[in-house]
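# Commentary on secondary and tertiary structure
Now for the letters of each chain:
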Amino acid sequence: MEDCLAKKMEITVSEAEKRTGRNAMNIQETYTAYLIETRAVESQSEGQCGPVESLWRRYSEFELLRNYLSVTYPHIVVPPLPEKRADFVWHKLSADNMDPDFVERRRIGLENFLLRVASHPVLWQDKIFYAFLMQEGGWKEMVNETGFQLKADSRLKALNATFRVKNPDKRFTELKHYSDELQSVISHLLRVRARVADRLYGVYKVHGNYGRVFSEWSAIEKEMGDGLQSAGHHMDVYAASIDDILEEEEHYADQLKEYLFYAEALRAVCRKHELMQYDLEMAAQDLTSKKQQCEELATGTVRTFSLKGMTSKLFGQETPEQREAKIKILEEQIQEGEEQLKSKNLEGRDFVKSAWADIERFKEQKNHDLKEALISYAVMQISMCKKGIQVWTNAKECFSKM
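Residues numbered from 1 in each chain as written. Predicted model: local features only at pLDDT ≥ 70, side-chain atom pairs only at ≥ 80, totals over all residues. Heavy atoms only, no water.

## A few points about the side chain of histidine 273
Residue position: histidine 273 is located in helix α10 (residues 242-299). Setting aside anything within four residues of it in sequence, one finds histidine 273 in contact with Asp169, Phe172, Phe351 and Val352. (Helix = DSSP H or I, 4+ residues; strand = E, 2+ residues; numbered from the N terminus. Contact = heavy atoms within 4.5 Å.)

## A few points about the pattern of salt bridges
Using the criterion set out here, one finds 25 salt bridges in the structure. A salt bridge links arginine 107 to glutamate 104; its shortest N-O distance comes to 2.8 Å. Pair noted here: arginine 107 and glutamate 104 are both in helix α3 (residues 100-119), with a separation of three residues, about one helical turn. A relative accessible area of 13% means that arginine 107 is categorised as buried. Notably, a salt bridge pairs glutamate 249 with arginine 193, separated by 2.9 Å at the nearest N-O pair. (Salt bridge = Lys/Arg side-chain N within 4 Å of Asp/Glu carboxyl O. Buried < 20%, exposed > 50% of the residue type's maximum accessible area, 1.4 Å probe, protein only.)

## Observations concerning the packing of aromatic side chains
All told, the structure shown has 13 aromatic pairs when counted by the stated rule. Seen in terms of ring centroids, tyrosine 68 and phenylalanine 148 are 5.9 Å apart; in terms of plane orientation they differ by 90°. Their pairing is edge-to-face. Of the two residues, tyrosine 68 is situated in helix α2 (residues 59-72) and phenylalanine 148 in helix α6 (residues 148-151); the sequence distance between them amounts to 80 residues. Overall, the relative accessible area of 6% leaves tyrosine 68 in the buried class. Overall, the relative accessible area of 6% leaves phenylalanine 148 in the buried class. Plain terms: the ring middles of tyrosine 204 and tyrosine 238 are 4.3 Å apart, the flat faces sit at 20° to each other, and that makes the pair stacked. Here the residue tyrosine 204 occupies a position in helix α8 (residues 170-218), and tyrosine 238 occupies one in helix α9 (residues 225-240), the gap between them amounting to 34 residues. (Phe/Tyr/Trp six-rings, centres within 6.5 Å; stacked < 30°, edge-to-face > 60°.)

## Points about the packing of α10 against helix α12 (residues 320-400)
Packing of α10 against α12 leaves a shortest axis separation of 8 Å and a crossing angle of 165°. On the basis of their axis angle, the class for α10 and α12 is roughly antiparallel. Crossing of α10 over α12 shows left-handed handedness. Residues belonging to the contact of α10 with α12 are distributed by class as follows: 29 nonpolar, ten polar and 15 charged. (Axes fitted to C-alpha atoms, helices over the stretch in contact; angles between N-to-C directions. Parallel < 35°, antiparallel > 145°, perpendicular 65-115°, else oblique. Left-handed = near helix turned anticlockwise from the far one by under 90°. Nonpolar A, V, L, I, M, F, W, Y, C, P; charged D, E, K, R; others polar.)

## With respect to the nonpolar core
Grouped together as the largest cluster of nonpolar side chains are 34 residues, with contacts concentrated most on Leu114 and Leu133. Those elements that place two or more of their residues in this core are β1 (9-22), β2 (28-42), α2, α3, α4 (127-134) and α5 (139-145). When neighbours within four sequence positions are excluded, leucine 114 is seen to be in contact with Ile11, Val13, Ile36, Phe62, Phe129, Phe132 and Leu133. Core analysis: the second largest hydrophobic core is formed by 24 residues, Leu190, Phe351, Val352 and Trp356 among them. (Core = buried A, V, L, I, M, F, W, Y, C linked by side-chain atoms within 4.5 Å.)

## Comments concerning the side chain of threonine 32
Mapped onto the secondary structure, threonine 32 falls in strand β2. Assessed through its relative accessible area of 7%, threonine 32 is described here as buried. Aside from chain neighbours lying at most four places away, what touches threonine 32 is Ala16, Glu17, Arg57, Arg58, Tyr59, Met98, Val103 and Arg106.

## Describing the packing of α8 against α10
Packing of α8 against α10 leaves a shortest axis separation of 9 Å and a crossing angle of 165°. On the basis of their axis angle, the class for α8 and α10 is roughly antiparallel. The two elements α8 and α10 cross, and the hand of that crossing is left-handed. For the contact of α8 with α10, the residue count by class is 22 nonpolar, four polar and ten charged.

## A word on the environment of glutamate 136
Position of glutamate 136 relative to the elements: it lies in the loop between α4 and α5. With 116 residues separating them in the primary sequence, glutamate 136 and tyrosine 252 have C-alpha atoms 32 Å apart. If sequence neighbours within four positions are ignored, glutamate 136 has contacts with Leu55, Trp56 and Arg57.

So, in structure tokens, the structure goes:
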């Protein structure tokens, strides 16, 4: 954090705008564009800032950026994007991705994503990320020219590696299980929160009924009328306050959702390590097989059953010249295989070292963020309870004056 883009530049996603246009299939579509504003901080000028630069980006462009970062930096827990469509919502909240409240929360989430990347000790230095912030035209072409799609691992290959790795790294296996459990726990927490929000909404709105009843009652009373009407007013104010409270609560839900999606980013690092380990084991197995073939050709003995051995028995042995030629080819392949295995071992060690350093950084960030979010959520709940006590205290005073 001492030297990163977030320290050198102010980055905001300042507004969202609904637009209509044609997609790649020439079909009319409605989408949301987000205005990214950047301003260089001139540290030499005692904190003065430079002029504001701005450009518009679609959500799909944010997705492209994140996919590029995930493939290019497989050892990094890449910050997640906010959800494309609302999930874990309580019944009064719209799940429509064009709903203004949802778009506003997603705008905040996209800004948070950019700040996460800009604060990362490695990702902030990426030229494509900088171009995303500063270069409106030709950015997609720059991304595609990197050829990152060709480096992406297929899901089938990843699944194959998961089941066929013989010696998985215990640390990454445990981390994978942890990420699964973290996702499960946060998903459950979000479902519970949505149910609580539903009930909370109901409790508050029922106080509006108190307000209506007290107001109607006050109309037929002379001595008690003023007290009843005042109590009803307090109930109405209390009932109306729930919308702002639940809007604030959605902010805490979005903080939890970020770590729900971070769990998948953790798993992506684990899957990459499994793939590397699988490739290493396959390379070692291939090298062992070639060495055995070479030894069998050199000694003229076959240790294991093979189609080649059966064929030579049926149709005669190879000539010494043919055997020497094959041995020479195998020796070259063995030398190449040994170099490849050495390279894969070094690559694997470098990956583990880099990945574990970033995982430790992520754990520290996660512990800090979730602690702050949960404390803030608890403070909000305490504040809500105090507000309820105050309403009924005020009502009690109104009743006492009747």
